[in-house]
Amino acid sequence: MHVILLCYYICFEVKDKMINRVKEIYEYRDMIYSLVKRELRGRYQKSVLGMLWTLLNPFFQILIYTFVFTVIFPSSIENYYIYLMTGMIPWTFFSEALGQGAGTIVSNADMTKKIYFPREVLTIASVTAKFVNMLLAFVVIFVFLLTSPLKFSYHILLLPLVMIFEYFIALGFTLFFSAITVYLRDMEYIVGVLLMAWIWATPIMYDISSLDPVIGHILLLNPMTLVVSAYHNILYYHCVPTLWTMTALLLEGIVFALIGWGIFVHLEGNFAEEL
Amino acid sequence: MKPGNAIEVRNVKKYFKVYVDKGHMLRERIVHFNRNRYENREVLKGISFEVKKGESVGLIGRNGCGKSTTLKLLTRILRPNGGTIEMDGRVCSLIELGAGFHPDMSGRENIYINASIFGIKAKEVDERINDIIRFSELEEFIDNPVRTYSSGMYMRLAFSVAINVDADILLIDEILAVGDNAFQTKCFNKLKSMKDQGTTIVIVSHALGQVEKLCDRAIWIEDGLIRKDGPARLVCKEYLDKMESSRLERAELEYRMHLDEEKQRKAAEEEARKREKEEAERRRKENDRQKREAERRQKEERRRNIEEKKRKEEEERRKKQEEEALQKRKEEERRRNASCRAVAVQCSPDARREGMGKIFFTEVKMLDHLGKEQTKYNIGDEMTVSMKYFSEIPGTSANFVIGINRNDWIYCYGTSLQHEGGNFLVTKKEGYISVTIKKLNLLQGKYSLEVRIQNIEKIPYDYLISLIDFEVRSDEKKETGILTMPYEWRTNDTQIKIGKIK
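Residues numbered from 1 in each chain as written. Chains lettered and ligands numbered in written order. Predicted model: local features only at pLDDT ≥ 70, side-chain atom pairs only at ≥ 80, totals over all residues. Heavy atoms only, no water.

Peer 1: Could you give an account of the overall build of chain B, with specific residues and numbers?
Peer 2: Of the regular secondary structure elements, chain B holds nine helices and 21 strands. Relative to the compact-globule value of 23 Å for 502 residues, chain B shows a C-alpha radius of gyration of 31 Å, a clear excess of over 25%. For chain B, the spread of C-alpha atoms along the three principal axes comes to 95 × 70 × 50 Å. With 502 residues in all, chain B has 38% of them scored as buried. In chain B, the proportion of contacts linking residues at least 24 apart, taken out of those at least 6 apart, comes to 69%. Per element, the accessible surface of chain B, about 31200 Å² overall, is 48% carbon and sulfur. Within chain B, the 86 negative side-chain charges are centred at a point lying 2 Å from the centre of the 98 positive side-chain charges. (Helix = DSSP H or I, 4+ residues; strand = E, 2+ residues; numbered from the N terminus. Rg over C-alpha atoms; globule rule 2.2 N^0.38 Å. Buried < 20%, exposed > 50% of the residue type's maximum accessible area, 1.4 Å probe, protein only. Contact = heavy atoms within 4.5 Å. Areas by Shrake-Rupley, 256 points an atom, 1.4 Å probe, with all protein chains shown as cover. Lys, Arg positive; Asp, Glu negative; His and termini not counted. Charge placed at Lys NZ, Arg CZ, Asp CG, Glu CD.)

Peer 1: Hey, could you go over the nonpolar core for me, with residue numbers and the actual values?
Peer 2: Membership of the largest hydrophobic core comes to 159 residues, with the highest contact counts inside it found for A:W91, A:F94, A:F138, A:Y231, A:L249, B:I111 and B:L170. The contacts of A:W91, once residues within four sequence positions are left out, are A:L195, A:W198, A:I199, A:T202, A:I204 and A:M224. Counting 33 residues, the second-largest nonpolar core is a separate cluster that includes B:F361, B:M366, B:I437 and B:L442. (Core = buried A, V, L, I, M, F, W, Y, C linked by side-chain atoms within 4.5 Å.)

Peer 1: I'd like a rundown of the interface of chain A and chain B, residues and numbers included.
Peer 2: Taken together, the contact pairs 33 residues of chain A with 34 residues of chain B. Carbon and sulfur atoms supply 56% of the area that chain A and chain B bury against each other, a total of about 2900 Å² over both sides. Our count for the contact surface shared by chain A and chain B stands at three salt bridges. The salt bridge partner of A:R41 is B:E109, with a shortest N-O separation of 2.4 Å. Where chain A touches chain B, the interface holds five residue pairs in polar contact (both at pLDDT 80 or more). (Buried area = accessible area lost by both parts, 1.4 Å probe. Salt bridge = Lys/Arg side-chain N within 4 Å of Asp/Glu carboxyl O. Polar contact = N/O pair within 3.5 Å; in protein donor to acceptor, adjacent residues only side chain to side chain.)

Peer 1: An account of a nonpolar patch on the surface is requested, with residue identities and associated values reported.
Peer 2: Residues and elements named next belong to chain A. On the surface, F59, F60, L63 and I64 cluster together to form a nonpolar patch covering roughly 350 Å² of accessible area. Turning to its location among the elements, F59 is positioned in helix α4 (residues 53-72). The exposure class assigned to F59 is partly exposed, which follows from its relative accessible area of 32%. (Patch = residues over 30% accessible without salt bridge, like charges linked within 9 Å, V, L, I, M, F, W, Y side chains within 5 Å.)

Peer 1: Describe the domain arrangement of chain B, naming the residues involved and giving the relevant values.
Peer 2: Interface size is commonly expressed as the accessible surface area that is lost when the partners come together. Residue and element names in this part refer to chain B. Looking at the assigned domains, one finds that chain B contains domain 1 (5-241) and domain 2 (352-473). Across the domain 1/domain 2 interface, buried area totals approximately 420 Å², and carbon plus sulfur atoms make up 53% of it. For domain 1, the biggest contributors to the area lost against domain 2 are N189, K192 and R233; these three give 73% of the whole. Across the domain 1-domain 2 interface, the total number found is zero salt bridges. Summed over the shared surface of domain 1 and domain 2, the number is zero residue pairs in polar contact (both at pLDDT 80 or more). When its residues are assigned to classes, the side of domain 1 that touches domain 2 shows no nonpolar, one polar and three charged. (Domains from an automatic or database assignment. Nonpolar A, V, L, I, M, F, W, Y, C, P; charged D, E, K, R; others polar.)

Peer 1: Report on α4(A), specifying residues and quantitative values.
Peer 2: The end-to-end C-alpha distance of α4(A), which contains 20 residues, comes to 27 Å, matching closely the 28 Å that a straight helix rising 1.5 Å per residue would cover. In this structure, the buried residues of α4(A) make contact with α3 (29-44), α5 (80-101) and α8 (120-147) of chain A. (Expected span 1.5 Å × (residues − 1).)

Peer 1: Could you give me a rundown of the confidence of the model for chain A, with the residues and numbers involved?
Peer 2: Of the residues in chain A, 96% have a pLDDT of 70 or more, and the chain-wide mean is 86. Averaged over each element, pLDDT in chain A is lowest for helix α1 (residues 2-13) of chain A (68) and highest for helix α9 (residues 159-183) of chain A (93). (pLDDT = per-residue confidence, 0-100.)

Peer 1: Quick one: what's the story with the pattern of salt bridges, residue by residue and with numbers?
Peer 2: Residues and elements named next belong to chain B. Applying the stated criterion to the full structure yields 44 salt bridges over all chains. Of the charged contacts in the structure, one is a salt bridge between R296 and E293, with a shortest N-O distance of 3.7 Å. Placement of the pair is R296 and E293 together in helix α8 (residues 232-343), with a separation of three residues, close to one helical turn. With a relative accessible area of 49%, R296 lands in the partly exposed category. Judged by its relative accessible area of 29%, E293 is partly exposed. In this structure, a network of salt bridges that share partners links the residues E293, R296, R297, E300, E301 and R304.

Peer 1: Explain the sheet that holds strand β7 (residues 200-204) of chain B to me, and be specific about the residues and the numbers.
Peer 2: All names here are of chain B. The strand order across the open sheet formed by six strands is β5-β6-β7-β3-β8-β9, and the pairing between neighbours is mixed. One side of each edge strand has no neighbouring strand; the edge strands of this open sheet are β5 (91-94) and β9 (225-231). Neighbour-to-neighbour, the strand axes of the sheet open up by a mean angle of 15°, direction not taken into account. Bridge count between strand β6 (residues 169-173) and β7: five bridges; the pairing is parallel. Each residue of the ladder has a partner; that of L170, found in β7, is I201. (Pairing = 2+ DSSP bridges. Axes fitted to C-alpha atoms, helices over the stretch in contact; angles between N-to-C directions.)

Peer 1: Lay out the sheet that holds strand β11 (residues 359-367) of chain B with the relevant residues and their values.
Peer 2: All names here are of chain B. Pairing is antiparallel in the open sheet, where three strands are placed in the order β11-β13-β17. The open sheet is flanked by β11 and β17 (430-437), the only strands paired with a single partner. Put simply, the sheet's adjacent strands are angled 20° from each other on average, direction ignored. Looking at chain direction, strand β13 (residues 383-391) and β17 are connected through eight bridges and run antiparallel. Across the sheet, M383 pairs through a bridge with I437, a residue of β17.

Peer 1: Go over the side chain of A:H155, please, and point to the residues and values.
Peer 2: Residue and element names in this part refer to chain A. Looking at the element boundaries, H155 is found in the loop between α8 and α9. Take H155: its relative accessible area is 9%, and that puts it in the buried class. Every residue in contact with H155, bar those within four places of it in the chain, is listed here: I234, H238, C239 and V240.

Peer 1: Explain the packing of α4(A) against α8(A) residue by residue, including any values.
Peer 2: All names here are of chain A. The contact between α4 and α8 brings their axes to 9 Å, and the two run at 45°. It follows from the interaxial angle that α4 and α8 lie oblique. Between α4 and α8 lies a crossing of right-handed hand. Residues T54, L55, P58, F59, I62 and L63 of α4 form the contact with α8, whose participating residues are N133, L136, A137, V139, V140, I141 and F144. A per-class count over the contact of α4 with α8 returns eleven nonpolar, two polar and no charged. (Parallel < 35°, antiparallel > 145°, perpendicular 65-115°, else oblique. Left-handed = near helix turned anticlockwise from the far one by under 90°.)

Peer 1: Provide a residue-level description of the packing of aromatic side chains, including the pertinent values.
Peer 2: Under the counting rule described, the total for this entry stands at 30 aromatic pairs over all chains. Ring geometry for B:Y447 and B:F470: centres 5.8 Å apart, planes at 25°, overall stacked. Of this pair, B:Y447 sits in strand β18 (residues 445-454) while B:F470 sits in strand β19 (residues 460-473), and the two are 23 residues apart along the sequence. Summarising the burial analysis for this pair, B:Y447 and B:F470 share the class buried. One aromatic cluster is present, formed by A:Y65, A:F69, A:Y80, A:Y83, A:Y236 and A:Y237 through successive ring pairs. Between the NZ or CZ atom of A:R119 and the centre of the ring of A:F117, over which it lies, the distance is 4.9 Å. Directly above the ring of B:F183 sits B:R156, whose terminal nitrogen or CZ lies 5.9 Å from the centroid. (Phe/Tyr/Trp six-rings, centres within 6.5 Å; stacked < 30°, edge-to-face > 60°. Lys NZ or Arg CZ within 6 Å of the ring centre and 35° of its normal.)

What follows is the structure, given as C-alpha cells:
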C-alpha cells in the first residue's frame, strides 16, 4: 500500500519538477564531460606514463593476485584469481565512487559557494570518472580472460546492463553521502569505515554458496551482493543471471538513485550557507 | 513580470544562521547538543527593485551591508527566505574567477573546463576560443600548464573566459581589479561595449569611479535596506559624503580611545619595569639553549638557500619569456595606434581602433566653417567631419555613424547616415563622405569624436574610438549641463531687461 502511494506521489506530484531538473542537468552535460576529463587526465598529467596508468594499475593488481593465489596460497575455488578480479574491479568502482565522491561537494566548496550550477553535476562527474576507470580496467580483465582457460561466452552481452545498474546504485549512494557530508563532516570518514566492513559483506573473496544459508540470505540485503554475483555469473560461471536477479538489480538501481537524489535535492538548498 | 524588465526583485529577505558555538564534527554535535543554538541574523530586511533591459546598475554600500548577498541571490546560489526574484534572459555571473582550473592542464584545456562550469557549451567555446585567448594576451603560453603562470597571467586568463560569455544579464562582484592598469582599462572598455550592445549589468563595487562611469543607476544598500536608488552620479556622491562624515566620527572615537589607553599604558609600564629585573635572570639561562638552536638553524638555512636559488632561476626564465611577449604586444599596440594616427592628423593619444576590416577609414578630419582643420570651437560654430574610406568589397552597403562623447564618458550626440537618408550607402572602392553640424549646440567642455562604419547588423567594419579630442569654448558661462537650447525668460509677459544687480 505504502509503495503504491509512494509511486503515485512520484508519478504525479514531483514528476514535472524532476523532469525540469533532469533537463537542467542535461544542459550542463559539457560540464560533466570536462570535469570527468579533468579528473581522468589531471591525475596522471605529471607522470611519465600518463593515462597508461589507468590500465597498468589493474594489470599489476591481477598479476599480483594471480601470483599469490596460485603459488603461495592455492585456493579451493578453481581459477580463483579470475573469480577474485571479476568481483574486485566492480567493487573498486563502487568503493572509490563512494569513498571519494562523498567529499566532492565539500572539496569543491569554492565553486559551490560562488557559481550557480546544478550541484548534482559534481557528484555525477566524480562517479562517472570512476566508472570510466572501471571500463578501462575491464579491458585488462578481458585480456586475462582470453589467456585463462575460462575464455568468454555470449553471456558477456548482458554485462553492459549490469554495469549500468551498478552505476545507478553507486550514484544513489554517493549523492546521499555527499549531501550529508556537507552538514556532518565526519561522514567522509564514516563512509571509509563503512566500506571496510562492506567489502566483507559482499561475496568477493569467498563464494556465497559456501556460507551458512541464513547468513547468505542476510547478505542479499546488501545491494552489492547481487551486483557482484551478477558479474560472477556472467564472467566466471558463464550463465545467465536469473530473471529475479536482474529485476531486483533494476529496481535497486531505480530506488537507490531516486532516494539518494531526492535527499540530495532536499538538502541542496542550503549548501552555499553551510560550506 | 513587466515587459522590458530584465530583473524584478520584490521584498526579498534573507537570514543567516549565526551559530553561537558551531561544531561540524560529530563529537561536538553530540557533546554540545544543547548548546548548538544559533541566532538568525537579518542580512536583507526586504528590498525591492527592478532593472530594465539594457540598464546597468551598481550596488554600493559599506562592508557587510548585504550587497554581495543580493548578488548571490540573483545568481541563485542562495535562496531568499522571503519575497521573489524574477529574471528574464540568460544570466552569467562573474563572481568567482578561475573556477575549476587544474594546475597541471594547459591554459587552453582550462578555458573549456572553466567555461563549462558557467554553463557554456563546448561548441560555443570552440567559436570564441580565439577571442578569449587574444583578450587574455597569453598567445605564447596558452599551451603551457597553468601552474607555470604568474598570478597575473592566471587572473587574466580567468577573466577573459568570464567576460567573453554571451549573456543577457551579467552579474559582477568586485573583480575589475585584475592585472595591470592596461588590462583593467581593457576589461572596463569591454564591459562598456557589452553595455552598449544591450547587456543588462549589475555590478557590486567599492570603486565608485567605475560605478559612476559604467552605470546609469546606483542602488545604495545600508543595513539590509535600500537607502537610495537613483542616477549613479547623485547616489555615489551622497554615499561618499556620508562615508566621509562617518569616517570622521570614527576617527574621533578612536582618538579618544587612544588617549585612555595611553593612561593605562603608563601605569602598566611602571609595573613592567619591576618584572623586568626578575626576567633578566631567567633570560641568561635561556641564552645557552638558544645558542644550540642557532647552530641547527644555520644548517637548515644553507639548505634552503640552495633551493631558493633554483627557484629564482626558474622564475627568471619565465620572466624573460613574459617580457618578450610584452614587447610583442607593445609593438602590436603601437602599430594599431599608428594606424589611428595615419587616419587622422588630429588623432588623440587615447585613440583605439576596432572592427572586422574590409571597409576602413583612410582619412578623418574635423573642419571649421572655413574648411580648416580645427579642434577648438565656440558654441554655435559650424563643424564638419570629413571622412575618406577604402572598401575591399565595393558594392556592399554600409552605414556611417559619428558620435560625440564628453571626456567623462557621457555620450552626448550621435547621428548616422541611415537615419538621415533612410538608406545605406553602397560603397565604391574609394569614396568621400562628410557630415556638417550646422550649429554646435554643445556647452563648453572637452569632447571626443568617434566614427564608425558598420554593416546592416550594426557590426562595425571599422570603429575609431576617441579618435579626435576637441574643445568647445565659450566666453561666458551662462548655462549648465550638456547642451545649449534657445531660451527666453519672461515675467508679466514682458521680456526681462538684463541689467546689473543692484
